[in-house]
Amino acid sequence: DRLMETRMYRSLDELVEGWSKNIYLGGRASFPEEPLLRAMVPVMLAIAIGFWLVPPVTLATSGGTGAFGVAAAAATLLSALFWMLISFGMRIPVVYGLGYPIGAAMALFIVARSTWRGGRKVVWRGRTYGA
């Protein structure tokens with residue numbers, strides 16, 4: 001652990017490009033014999049990521065008042081603590097966990113981008129591949 005480290009992406013642009021290439025096609029490849037599940041991959045990913053975004057959006061729009069506002073505040077706090085714990089485990093600054101809604105929004109963007117591109121356009125290491 002202390003002697004070796006790997007880094008797959010060096011920038012946000014590289015991360016967006018790499019995940020855009022893999023998320024849609026890889027998700028569909030997970031269900032080779034199940035056309036319904038293959039078709040549902042983008043929806044399942046969007047719902048899973050949306051799970052992390054609904055509480056902070058609800059909190060922001062409700063101002064933390066009312067039953068939904070209080071529940072959203074609690075869910076947002078617990079989510080932030082969860083991501084702070086993940087950050088601690090990954091040995092990155094714990095405060096990064098507070099930015100989890102930004103990460104979730106970016107992940108949702110990547111899923112949408114990957115789905116839109118599908119297999120038509122795959123870019124990898126400066127090369128563009130078509131279907």
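Our subject is the structure that appears above.
Quick summary incoming for the structure in this document. Bear in mind that the values here come from a model prediction, so they are computed numbers and not experimental data. (Residues numbered from 1 in each chain as written. Predicted model: local features only at pLDDT ≥ 70, side-chain atom pairs only at ≥ 80, totals over all residues. Heavy atoms only, no water.)

So, on to the packing of helix α1 (residues 12–29) against helix α4 (residues 100–117). Where α1 meets α4, the axes come as close as 8 Å, and the angle between the chain directions of the two elements is 55 degrees. For the element pair α1 / α4, the angle class is oblique. Judged by the twist between their axes, the crossing of α1 over α4 is right-handed. Across the interface between the two elements, L12, L15, V16, E17, W19, S20, I23 and Y24 from α1 touch M106, F109, I110, V111, R113, S114, T115 and R117 from α4. Considered class by class, the residues forming the contact of α1 with α4 number ten nonpolar, three polar and three charged. (Axes fitted to C-alpha atoms, helices over the stretch in contact; angles between N-to-C directions. Helix = DSSP H or I, 4+ residues; strand = E, 2+ residues; numbered from the N terminus. Parallel < 35°, antiparallel > 145°, perpendicular 65-115°, else oblique. Left-handed = near helix turned anticlockwise from the far one by under 90°. Contact = heavy atoms within 4.5 Å. Nonpolar A, V, L, I, M, F, W, Y, C, P; charged D, E, K, R; others polar.)

This part is about the packing of helix α2 (residues 35–62) against α4. At their nearest, the axes of α2 and α4 sit 9 Å apart, and the two run at 160 degrees to each other. With respect to each other, α2 and α4 are oriented roughly antiparallel. In the packing of α2 onto α4, the handedness of the crossing is left-handed. Of α4, the residues touching α2 (which contributes P42, L45, A46, I49, W52, L53 and P56) are Y100, P101, A104, A105, A107, L108, V111 and T115. Broken down by class, the residue content of the contact of α2 with α4 amounts to 14 nonpolar, one polar and no charged.

Next up on the list: the packing of aromatic side chains. Aromatic ring pairs: the centre-centre distance and the angle between the two ring planes describe each pair. The final tally for this structure, using the stated rule, is five aromatic pairs. Consider the rings of F51 and W52, whose centres lie 5.3 Å apart with planes at 85 degrees: the pair is edge-to-face. The class for F51 is exposed, based on a relative accessible area of 57%. On the basis of relative accessibility, which here comes to 21%, the residue W52 falls in the partly exposed class. For the pair F82 and W83, a centre-to-centre distance of 5.0 Å together with 85 degrees between the ring planes defines the contact as edge-to-face. Pairwise contacts between aromatic rings join F51, W52, F82, W83 and Y100 into one cluster. (Phe/Tyr/Trp six-rings, centres within 6.5 Å; stacked < 30°, edge-to-face > 60°. Buried < 20%, exposed > 50% of the residue type's maximum accessible area, 1.4 Å probe, protein only.)

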